[in-house]
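As a plain string of letters, each chain reads:
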Amino acid sequence: MRKKIVAGNWKMNKNLAETEALLSDLKTKLGKTEAEIIVAPTFTNLYNVTEALRQADIKVAAQNMHQAENGAYTGEISADMLKSIGVEIVILGHSERRAYFGETDALLADKVNTALKHNMMVIFCFGEELQDRKSDNHFSVVENQLKNGIFHIDASAWKNVILAYEPVWAIGTGETASPDQAQEMHAFIRATIAKAYNDTIANEVAILYGGSVKPNNAEEIFAKPDVDGGLIGGASLDAESFAAIAKAI
Ligand code: 13P
């Protein structure tokens, strides 16, 4: 059985006090959900959030990580640093990292290796841009992102991978992929994994959808058979809407 997951990517939002307020609000509002819940606060708040969630059923992810073990990389954060404060999950390959910070598939392949070597769970993000979809290249773009960024890993490492399909044109735009568009791409992703690896891996990996998921559209997106949950940006910054999305699973 594949896991259902709802993850909140808080991006560069919320200072420490705001983060703590959101967390305590979330703890009271979340209630029962079948989904595994993950939150990804900014680096400066990771330690406090990890401490605050020790007894809670919410996991914590970092939004990024450097590929090197340590060294002269001013401003960067290593896998060991994350692990040392109890962070076991890392988001890699978010389209904002790719677009604004020049993260390439090759760099991401390195980051994936480092995270897996440290036995971390990787939430690997990818997705096409609007012009790719308009020119009907969205499947090949996604296939290449997977092949070049993550298909080098051993079959045994897939148990530590969650995929997040996030079409760039749907992120923060209020425009979502329709449930059918999401299902079509998720089924394609699974078929691509089955071809490169095998059916078992393809059927067991959780594939999340991300891009303007809100309380009013979550249920129909999550109802699709190959959509195993969501990676939520804007709507995860409000406890009530994040809780409503988590309950829609
Ligand atoms: P929005 O939900 O704000 O569109 O962001 C999605 C996202 O980028 C999650 O990583």
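Structure: above.
Now for a quick tour of the structure. Here the structure is a predicted model, which means the values were calculated and not measured.

The rules behind each value
Residues numbered from 1 in each chain as written. Predicted model: local features only at pLDDT ≥ 70, side-chain atom pairs only at ≥ 80, totals over all residues. Heavy atoms only, no water. Buried < 20%, exposed > 50% of the residue type's maximum accessible area, 1.4 Å probe, protein only. Helix = DSSP H or I, 4+ residues; strand = E, 2+ residues; numbered from the N terminus. Pairing = 2+ DSSP bridges. Axes fitted to C-alpha atoms, helices over the stretch in contact; angles between N-to-C directions. Parallel < 35°, antiparallel > 145°, perpendicular 65-115°, else oblique. Left-handed = near helix turned anticlockwise from the far one by under 90°. Contact = heavy atoms within 4.5 Å. Nonpolar A, V, L, I, M, F, W, Y, C, P; charged D, E, K, R; others polar. Core = buried A, V, L, I, M, F, W, Y, C linked by side-chain atoms within 4.5 Å. Near = heavy atom within 4 Å. Polar contact = N/O pair within 3.5 Å; in protein donor to acceptor, adjacent residues only side chain to side chain. Areas by Shrake-Rupley, 256 points an atom, 1.4 Å probe, with all protein chains shown as cover.

Some remarks on the pairing of strand S5 (residues 121-126)
- Here S5 lies mainly inside the structure; 6 of its 6 residues are buried.
- Alternating positions in S5 separate into two faces, Met121, Ile123 and Cys125 on one and Val122, Phe124 and Phe126 on the other, with burial throughout.
- Alignment of strand S4 (residues 89-92) against S5, held across 4 bridges, turns out to be parallel. Note that in S5 the partner of Ile89 across the bridge is Met121.
- Pairing analysis gives 5 bridges linking S5 to strand S6 (residues 161-165), with the strands arranged parallel. Counterpart to Phe126 in the pairing with S6 is Tyr165.

A look at the packing of helix H1 (residues 16-30) against helix H2 (residues 43-52)
- At their nearest, the axes of H1 and H2 sit 10 Å apart, and the two run at 25 degrees to each other. Taken together, the axis directions place H1 and H2 in an arrangement best described as roughly parallel. Viewed along their axes, H1 and H2 form a crossing whose handedness is right-handed. Residues Leu16, Thr19, Glu20, Leu23 and Lys27 of H1 lie in contact with H2, whose contacting residues are Asn45, Asn48, Val49 and Ala52.
- Along the lines of polarity and charge, the residues of the contact of H1 with H2 split into 4 nonpolar, 3 polar and 2 charged.

Things to note about the nonpolar core
- Counting 65 residues, the largest nonpolar core has Trp158, Leu163, Ile189 and Ile193 as the members making the most contacts within it.
- Setting aside residues no more than four positions away along its own chain, Ile193 makes contact with Phe151, Trp158, Leu163, Asn198, Ile201, Ala202 and Val205.
- With 15 residues, the next largest nonpolar core counts Ile38, Ala61, Ile89 and Cys125 among its residues.

With respect to the site of the ligand
- The local shell around the ligand consists of Asn9, Lys11, His94, Glu166, Ala170, Ile171, Gly172, Gly211, Ser212, Leu231, Gly233 and Gly234.
- A distance of 2.9 Å separates an oxygen atom of the ligand from a polar side-chain atom of Glu166.
- Protein contacts shield 97% of the accessible area of the ligand, which totals 310 Å² for the unbound molecule.
- Of the residues that constitute the shell around the ligand, the class distribution is 3 nonpolar, 7 polar and 2 charged.

Purely geometric stuff here, so don't read any function into it on its own.
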